[in-house]
Amino acid sequence: MSSINNSETFYDAIVIGAGFSGIQQLHFLRDKLGLKTLLLEAGEAVGGTWYWNRYPGARCDSESHTYCFYFSEQILKEWSWSQKYPGQEEILSYLNFVTDKLELRPNILFRTRVAEMNYFQSQNRWVVKSTKGEKFSASYVISAVGCLSSANSPNIKGRDNFQGELYHTGQWPHEKVDFKNKKVAVIGTGSSGIQAVPLIAKSAKELTVFQRTPNFSVPARNADLSKEFLSQFKSKTSYYREKMKAARHGHPWQAPDISVRETLSTEREEILEEAWSKGGLRFRESFGDTLTDLESNKLMSDFIKRKILEIVKDPNKAKILSNFDHPFGTKRPALDTDYFETFNKKNVNLIDIRQDPIQEITNVGLETESQKFDFDMIIFATGFDALTGSLLKMEIIGEGGRRLADDWKDGPRTYLGLQVAGFPNFFIVTGPGSPSVLTNMPQAIDQNVSWITDCISYMKENNFSKIEPKKEFMSDWMEQVQKAVEGTLFPIAKHSWYLGANIPGKPQVFMPYVGGLNQYRKICDDVAATGYNGFQFST
Ligand code: N01
């Protein structure tokens with residue numbers, strides 16, 4: 001176990017991770033509260049998710065003018081997005097622009113992966129240790145490691161024997177990957193696979209997609225942003241800010257209060273056709289009961305299924321792609337550009353691995369139960385150990401030597417997603433039990449970061465040096481998180497990463513709070529307004 005000694009550098013606060021959360025948290029603690037703050041980042045540069053996910057087609061499916069920081073009018077006005085949905089390179093440029101604008105680099109230590117952190121009760125301090133053995137000490141530690149940052153590379157038999165190129169979308173190389181004249185396999189058809197497949201198919205000699213679960217996807221209909229749009233947006237930032245605050249998902253719109261099944265079929269068809277032609281996440285918000293009423297959801301699902309059957313010419317491929325096993329929206333649906341159309345290309349094959357499971361990876365390719373394939377390249381688009389993966393990769397040791405990994409062996413437990421009993425002065429941005437991945441992330445991040453900053457400011461004003469949640473409030477919050485999901489269709493999707501079901505052996509607990517970011521914000525504000533009800537402070 002680490003011990004505090006004189007060789008450590010002391011800080012007021014340490015932030016871990018330089019994505020959207022870490023950048024905003026460092027800025028707020030350093031510049032609003034005047035804390036001596038250090039940000040530790042494993043990568044060589046800022047960006048988080050957008051630093052690591054460089055696969056072809058990587059793009060955000062929140063609209064760019066909402067997928068950004070709203071805390072600075074100046075930054076909102078100075079930066080101009082080029083397209084409706086921002087691509088990975090542009091988001092990375094934006095995060096570098098903000099980092100430079102706020103002069104954050106002197107407070108960031110790159111190439112520093114946190115291995116371990118220990119809380120020392122006698123000094124009320126955390127000691128954070130990197131994989132290289134450096135030690136840093138601080139009163140507060142804020143995890144900003146992200147919800148989807150620990151890549152899941154399935155341990156398929158023979159994986160290490162493959163002689164060709166092997167990639168994971170979430171750990172994509174910085175050098176250009178060339179698909180020309182190559183036989184390529186993509187395993188996985190979540191958002192990453194669905195974005196990458198059409199682009200890989202353009203230059204690969206042959207592309208074979210291995211699908212386990214058919215995924216819903218709606219056309220993105222990406223487009224360049226006009227000067228008129230950008231100037232109206234910049235003149236109305238408060239309007240967008242308020243709209244996003246009012247919404248359950250942090251986007252600047254609300255689903256109308258109409259039911260899919262109670263709408264006349266002709267009218268329903270018109271609404272859905274129009275939404276499909278406009279594309280984007282708003283399709284899901286065409287009606288108010290898509291995620292709460294099974295019959296309504298089936299009507300939406302059937303509409304998408306019909307679209308796939310219309311687009312994909314080969315009936316066998318069309319059937320594999322549309323044979324849905326879960327209600328629309330209960331696993332994260334994707335936005336795409338020509339995903340289903342790509343299966344009409346002669347060089348694109350599709351294998352249903354529920355019917356013909358992958359047996360092993362060989363030195364020259366891959367074998368399913370009934371077929372042998374040769375590949376030059378295999379790409380895992382197999383997602384992440386979501387929400388808890390990156391947190392638990394760090395050994396986090398709290399009061400009295402308790403390990404976070406032990407406390408969470410049956411699933412994560414937090415109060416409001418923000419703190420864990422027994423781990424004083426340790427905060428999590430977009431932690432399990434908060435709305436996080438169900439929202440437009442920068443908005444959820446802004447709420448969490450602002451709340452944490454206000455809380456630390458409150459502690460300073462009141463001369464408190466230690467905060468942690470009361471156990472009974474944490475249990476009560478966990479019950480509320482489970483109750484919120486019981487009123488929805490989410491539990492029907494048994495194989496979802498929201499539940500941890502994509503990781504063998506991971507406890508299956510629905511992790512995000514589905515009650516809505518607007519409702520969650522109100523709960524957090526009420527807690528703060530009542531002197532942080534449910535938390536205990538000491539001096
Ligand atoms: O990962 P996923 P992702 N053998 O977990 C399959 C965000 N994101 O990287 O569904 C074979 O969704 C798995 O199958 P199944 C977004 O929140 C956002 O695509 O588990 N297959 C699935 O098909 C998103 O939801 C953006 O049966 C295996 C796929 O791999 C989240 O990140 C872009 C397997 C994994 O899909 C994750 O997306 C990209 C195995 N052993 C990502 N294990 C945008 O904003 C898993 N699979 C646009």
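Here goes a summary of the coordinates provided. Predicted model, so just to flag it, every value in this text is computed and none were measured. Residue positions are given per chain, counted from 1 along the sequence in the order it is written. Thresholds applied to this predicted model are a pLDDT of at least 70 for local features of residues and 80 or more for the giving and counting of side-chain atom pairs; totals over whole chains, interfaces and linings are not thresholded and use all residues. Hydrogens are left out, water is left out, and the side-chain values use all remaining heavy atoms of the structure.

**Focus on the packing of helix H8 (residues 265-278) against helix H9 (residues 294-311)**
Two packed helices can be described by the angle between their axes and the distance between those axes.
Argument step 1. The N-to-C vectors of H8 and H9 enclose an angle of 55°; their axes lie 11 Å apart at closest approach. One element, H8, and the other, H9, form an angle in the oblique class. The interaxial crossing formed by H8 with H9 has right-handed handedness. Facing H8, whose interface residues are Arg268, Glu269, Leu272, Glu273 and Trp276, H9 presents Leu299, Met300, Phe303, Ile304, Arg306 and Lys307.
Argument step 2. Residues were grouped as follows: Ala, Val, Leu, Ile, Met, Phe, Trp, Tyr, Cys and Pro as nonpolar; Asp, Glu, Lys and Arg as charged; and all remaining residues, including Gly, as polar. Within the contact of H8 with H9, the residues separate by chemical class into six nonpolar, no polar and five charged. Inter-axis angles, ranging from 0 to 180 degrees, are taken between N-to-C directions of lines fitted to C-alpha atoms, where helices are fitted over the stretch in contact. Segments assigned H or I by DSSP are reported as helices when at least four residues long, segments assigned E as strands when at least two residues long, and all are numbered from the N terminus. Convention used here: angles under 35 degrees read as roughly parallel, angles over 145 as roughly antiparallel, angles from 65 to 115 as roughly perpendicular, and any remaining angle as oblique. It is the rotation of the near helix from the far one that decides the hand of a crossing: anticlockwise by less than a right angle makes it left-handed, clockwise makes it right-handed. Here, two residues are considered to be in contact whenever any of their heavy atoms come within 4.5 Å of each other.

**Details of the pattern of salt bridges**
Argument step 1. Basic side-chain nitrogens of Lys or Arg form a salt bridge, by our definition, when they fall within 4 Å of a carboxyl oxygen of Asp or Glu. Counting across every chain of the model gives 25 salt bridges.
Argument step 2. Measuring nitrogen to oxygen at the nearest pair gives 2.9 Å for the salt bridge that ties Arg306 to Glu269. Here Arg306 is found in helix H9, whereas its partner Glu269 is found in helix H8, with 37 residues between them in sequence.
Argument step 3. Exposure classes here rest on a 1.4 Å probe applied to the protein chains alone. A residue is buried below 20% of its type maximum, exposed above 50%, and partly exposed in between. The class of Glu269 is partly exposed, set by a relative accessible area of 28%.
Argument step 4. Residues joined in a network through salt bridges with shared partners are Glu73, Lys77 and Arg241.

**Observations concerning the sheet that holds strand E8 (residues 183-187)**
Strand pairing in a sheet takes place through backbone hydrogen bonds and is either antiparallel or parallel in direction.
Argument step 1. What makes two strands pair is DSSP finding at least two bridges between them. Across the sheet, which stays open at both edges, the five strands sit in the order E7-E16-E8-E9-E12 with parallel pairing between neighbours. If you trace the sheet from one side to the other, it starts and ends with strand E7 (165-168) and strand E12 (348-352), each paired once. Adjacent strand axes in the sheet meet at a mean angle of 15° when their direction is disregarded.
Argument step 2. Across the sheet, helix H5 (residues 191-203) touches E8, strand E9 (206-211), E12 and strand E16 (377-380), and the angle it forms with E9 is around 160°.
Argument step 3. Lying on the sheet, helix H10 (residues 315-322) is in contact with E9 and E12; it crosses E12 at an angle near 50°.

**Side note on the site of the ligand**
Argument step 1. Whether a residue is near a molecule or strand depends on its heavy atoms: if one lies within 4 Å, it is near. Close to the ligand lie 25 residues; Arg59, Ser192, Arg212, Thr213 and Lys331 are nearest.
Argument step 2. For the ligand, an oxygen atom lies 2.9 Å from a polar atom in the backbone of Thr189.
Argument step 3. Accessible areas in this description were obtained via Shrake-Rupley with a 1.4 Å probe; residue shielding takes into account the shown protein chains only. Starting from 910 Å² of accessible surface for the ligand in isolation, the protein chains cover 89%.
Argument step 4. By residue number, the principal contributor to the shell around the ligand is H5, which donates three residues.
Argument step 5. Among the residues making up the shell around the ligand, the classes are represented as nine nonpolar, 10 polar and six charged. Residues adjacent in sequence count toward polar contacts only when both atoms are side-chain atoms; beyond that, a polar contact is any pair of N or O atoms within 3.5 Å, and within protein one must be able to donate a hydrogen and the other to accept it.

**Description of the environment of Pro507**
Argument step 1. With respect to the element layout, Pro507 can be found in the loop between helix H15 (471-486) and helix H16 (517-529).
Argument step 2. The class of Pro507 is partly exposed, set by a relative accessible area of 26%.
Argument step 3. Distance from Pro507 to Lys409, taken between C-alpha atoms, is 7.1 Å for residues 98 residues apart in sequence.
Argument step 4. Other than its neighbours up to four places away in sequence, Pro507 contacts Trp408, Lys409, Asp410, Gly411 and Leu499.

**Looking at the environment of Ser80**
Argument step 1. Mapped onto the elements of the fold, Ser80 is located in the loop between helix H3 (73-78) and helix H4 (88-101).
Argument step 2. The exposure class of Ser80 is partly exposed, given its relative accessible area of 38%.
Argument step 3. Each C-alpha atom, one on Ser80 and one on Ser231, is 9.3 Å from the other, the two residues being 151 residues apart in sequence.
Argument step 4. Contact partners of Ser80, with chain neighbours within four places excluded, come to Glu90, Leu230 and Lys234.
Argument step 5. Of note is the side chain of Ser80, whose polar atom sits 2.6 Å from the side chain of Lys234.

**Observations regarding the pairing of E9**
Argument step 1. Among the six residues that make up E9, five are buried, leaving the element largely enclosed by the rest of the structure.
Argument step 2. As defined by bridge partners, E8 adjoins E9 across five bridges and the pair is classed as parallel. For Lys183, the partnering residue across the bridge sits in E9 and is Glu206.
Argument step 3. One ladder, built from five bridges, connects E9 with E12; its direction is parallel. Paired with Leu207 across the strands is Val348, a residue of E12.

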